[in-house]
Each structure stands twice: as structure tokens, then as C-alpha cells.
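Residue-level structural notes
Residues per chain, in single letters:
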Amino acid sequence: MKNFVLTLTIILCLSIACKKEGPKEMRFSINYARSEDSIYSDSVAFAVINYSDLSEFKDTTDLNNPDIFSHSIKVENPYSITMPAGGTCVIKKFDLVSKSGNVIFYIPYRVQYYYINNIRYTGMALPFPIRVADGTWDMMVTKK
């Protein structure tokens, strides 16, 4: 009976340990605020992404300050971040940079507009909170 209880306990502990979620890969697909700017996409060498976990911010002043972040990464296409599951990532900077180091496209810290058939729509702006999950997010960038 002792061996049965011990075996059952080990199986239970292993099943609980295996249920923990692993890291999630968030991928970013690029859209252009002005579709004609897409001709410059071949000039992009990498993306610079600054981000933090939402729980790291004390108040909205820190959240809205582009200079306060905990992680900065440089990634080549496909652009992605791998993070632990369950949190909320706040992107504070998303720049597409040329081989010479110049920012070609970026997401602004203000309202961004995009155009479809000459009609103006409101697009995304930073800071941009994202729930950490596997999947692809569409990021709208503006030409610098």
C-alpha cells in the first residue's frame, strides 16, 4: 500500500509540474501607415524593441515615459520576442533600422494615422501593451 501511495504521489507531482506553461513567442508582422512606403522594406536590417513587463511600472507616468524600460533587444526578421507566459508586455520602442544604423520606420509615441483609399484612419501608438501569448501581432510603422 505504501508503494502505491508513493507512486500515486509522484505521478500527481509530475502531472502538476508538466502543466506549467512554457515561454511564449510573440511574432510581429509589419504593416506600413502609408502603403507606398513598403518599397523601403528591403532596406530594413533589424528591429530594435524596448519593452517591460506591465507589473514593473509604478504608475502611468512611468508607463508613458519612453525612457523607462527593462529590456532592449535587436532582432532580425522574423521579428519576435520570447517571454514567460501569463504576463503583459508593454512595448516602449519599435524601430526598424537600416544596415547603416539609421531608423527607417518607427511606431510613434503619439497618435499615428494610416490611409486606405485616401481616407485617414487612426492607428497604433506607443506604449503598446500586449498579453503574452503565442501568435503574430500586426505592427503599423511610420516612415521616419
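These notes cover the structure that comes with them. (Residues numbered from 1 in each chain as written. Predicted model: local features only at pLDDT ≥ 70, side-chain atom pairs only at ≥ 80, totals over all residues. Heavy atoms only, no water.)

1. Focus: the nonpolar core
For the record, the criterion: Put simply, a nonpolar core is a bunch of buried Ala, Val, Leu, Ile, Met, Phe, Trp, Tyr and Cys residues held in one set by side-chain atoms that sit within 4.5 Å of each other. Partly exposed residues are those whose accessible area sits between 20% and 50% of the maximum for their type, while under 20% is buried and over 50% is exposed, using a 1.4 Å probe and protein chains only. Strands here are runs of E lasting at least two residues and helices are runs of H or I lasting at least four, both read from the DSSP assignment and numbered beginning at the N terminus.
Counting 28 residues, the largest nonpolar core has Phe28, Ile49, Ile91, Phe94, Leu96 and Met139 as the members making the most contacts within it. For this core, the elements supplying multiple residues, two or more each, are β1 (24-32), β2 (44-53), β4 (79-83), β5 (88-98), β6 (103-106), β9 (128-131) and β10 (135-143).

2. Comments concerning a nonpolar patch on the surface
For clarity, the cut-off: Patches were defined on residues exceeding 30% relative accessible area and lacking a salt bridge, with like-charge contacts within 9 Å and nonpolar side-chain contacts (Val, Leu, Ile, Met, Phe, Trp, Tyr) within 5 Å. Computed with a 1.4 Å probe, the accessible areas rest on the Shrake-Rupley method; for each residue, only the protein chains presented here act as cover. Take a side-chain nitrogen of Lys or Arg and a carboxyl oxygen of Asp or Glu: if they are within 4 Å of each other, that pair is a salt bridge.
On the surface, Val111, Tyr113 and Tyr115 cluster together into a nonpolar patch covering about 260 Å² of accessible area. The topology assignment puts tyrosine 113 in strand β7 (residues 112-116).

3. Regarding the packing of aromatic side chains
Operational definition: Pairing of aromatic side chains here covers Phe, Tyr and the six-membered ring of Trp, requires ring centres within 6.5 Å, and sorts the geometry by plane angle: under 30 degrees stacked, over 60 edge-to-face, intermediate tilted. Lysine NZ or arginine CZ positioned within 6 Å of the ring centre and within 35 degrees of the ring normal marks a charge as sitting over the ring.
All told, the structure shown has 3 aromatic pairs when counted by the stated rule. Plain terms: the ring middles of tyrosine 114 and tyrosine 121 are 5.5 Å apart, the flat faces sit at 25° to each other, and that makes the pair stacked. The exposure class of tyrosine 121 is partly exposed, given its relative accessible area of 35%. For arginine 120, the ring lying beneath its charged end belongs to tyrosine 113, and the centroid distance is 3.8 Å. A cation over a ring is seen here: lysine 144 above tyrosine 106, with NZ or CZ 5.1 Å from the ring centre.

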